[in-house]
Amino acid sequence: MVVISVCSLKGGVGKTSVVLGLADAAMRKGLATLVVDLDPQGDATYALGAKATGSASGDVLESPKRKVLEQTIVASGWEGAGELHVLPGAPSTAALDRPDAQGESLHTLRKALGKLDYDLVLIDAPPSLSGLTRSALVASDRAIVVAEPGAFAVNAANRLFAAIDDLRRREAGGLQPLGIVVNRFRPSVREHAEQVKVLERTFGPLVLSPVLADRAVVQRAQGARQPLSAIAGSAPMTDAYAALLSRIGRTAKALRRRTS
């Protein structure tokens, strides 16, 4: 099982869209996948068509027991979802997003996920560096940083990479950055192309390929609570997410070799 946190430092960059696109790619590949919605807004839970049972991810953070997991994890409502499951998000989870969280409180999600058996876990972390995001990172093998091609992208990515490095030294020795996903790119906007070049000069191979275009089909899929692949005209985007999933697959193979 490989655990990936998808992070950002500001809302509106399409972090949840990346989680959903990767979940769709994993579903089409037949991978047993769990989406953990740690964002109190619960957008991933809604877009996945998940019907929560009354429990949410915050309940698992407070009590990382198998019984609580079984009561909370639900199937995705996507047609043909197979083994795509959801640990739902809810507004109540915000009470656990403490900026001073540290020590044992950051390890409860890792303990909970250790009781599960999936091929892939995707964590949709809140757009911040508070307790919920740090709990997600401590539970993860790799972290994806989502950035828009804007003027503040380099600074935001630097802050997240610094936080990842700090957690590696103190709480999560196995955590590594997988890289930066540049999202909502519009090739007709000169500033976007220039900012992508800045990111590539600054972070080199950490800028993952392909860059994700700004396409209306993504919003249509989310509004319909359907996988991206079910929407007409989505092939360029689904191909892009399949390529990103392949990068994760190479990471998973490397992890298996390291621990064998």
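For the structure, see preceding data.
Residues numbered from 1 in each chain as written. Predicted model: local features only at pLDDT ≥ 70, side-chain atom pairs only at ≥ 80, totals over all residues. Heavy atoms only, no water.

> How would you sum up the packing of aromatic side chains? Please name residues and give values.
Scanning all chains against the criterion turns up one aromatic pair. Aromatic side chains Phe161 and Phe203 sit 5.5 Å apart centroid to centroid with 65° between the ring planes, which places their arrangement in the edge-to-face category. Remark: Phe203 occurs in helix α8 (residues 190-203) and Phe161 occurs in helix α7 (residues 153-170); sequence separation between them is 42 residues. Considered together, Phe161 and Phe203 belong to a single accessibility category, that of buried residues. Above the plane of the ring of Tyr46 lies Arg225, whose end atom (NZ or CZ) is 4.2 Å from the centre. (Phe/Tyr/Trp six-rings, centres within 6.5 Å; stacked < 30°, edge-to-face > 60°. Helix = DSSP H or I, 4+ residues; strand = E, 2+ residues; numbered from the N terminus. Buried < 20%, exposed > 50% of the residue type's maximum accessible area, 1.4 Å probe, protein only. Lys NZ or Arg CZ within 6 Å of the ring centre and 35° of its normal.)

> Could you give me a rundown of the pairing of strand β6 (residues 142-147), with the residues and numbers involved?
The buried fraction of β6 amounts to six of the six residues, a majority that puts the element mostly inside the structure. With burial as the criterion, each face of β6 is covered, one bearing Arg142, Ile144 and Val146 and the other bearing Ala143, Val145 and Ala147. Here strand β1 (residues 2-7) runs beside β6; their pairing, made up of four bridges, is parallel. Note that in β6 the partner of Cys7 across the bridge is Val145. In terms of strand pairing, β6 meets strand β7 (residues 176-182) through six bridges, oriented parallel. Each bridged residue has a counterpart across the sheet, and for Arg142 the counterpart in β7 is Gln176. Crossover β6 to β7 through α7 is right-handed. (Pairing = 2+ DSSP bridges. Right-handed = clockwise from strand over helix to strand, strands pointing away.)

> Please give an account of the sheet that holds strand β4 (residues 84-87) that cites residues and values.
In spatial order, the strands read β3-β4-β2-β5-β1-β6-β7; together these seven strands make up an open sheet with mixed pairing. Only two strands of the sheet have a single partner each, and these edge strands are β3 (74-75) and β7. In terms of strand pairing, β3 meets β4 through two bridges, oriented antiparallel. What sits directly across from Ala75, in β4, is His85.

The values are spatial; any link to function lies outside them.
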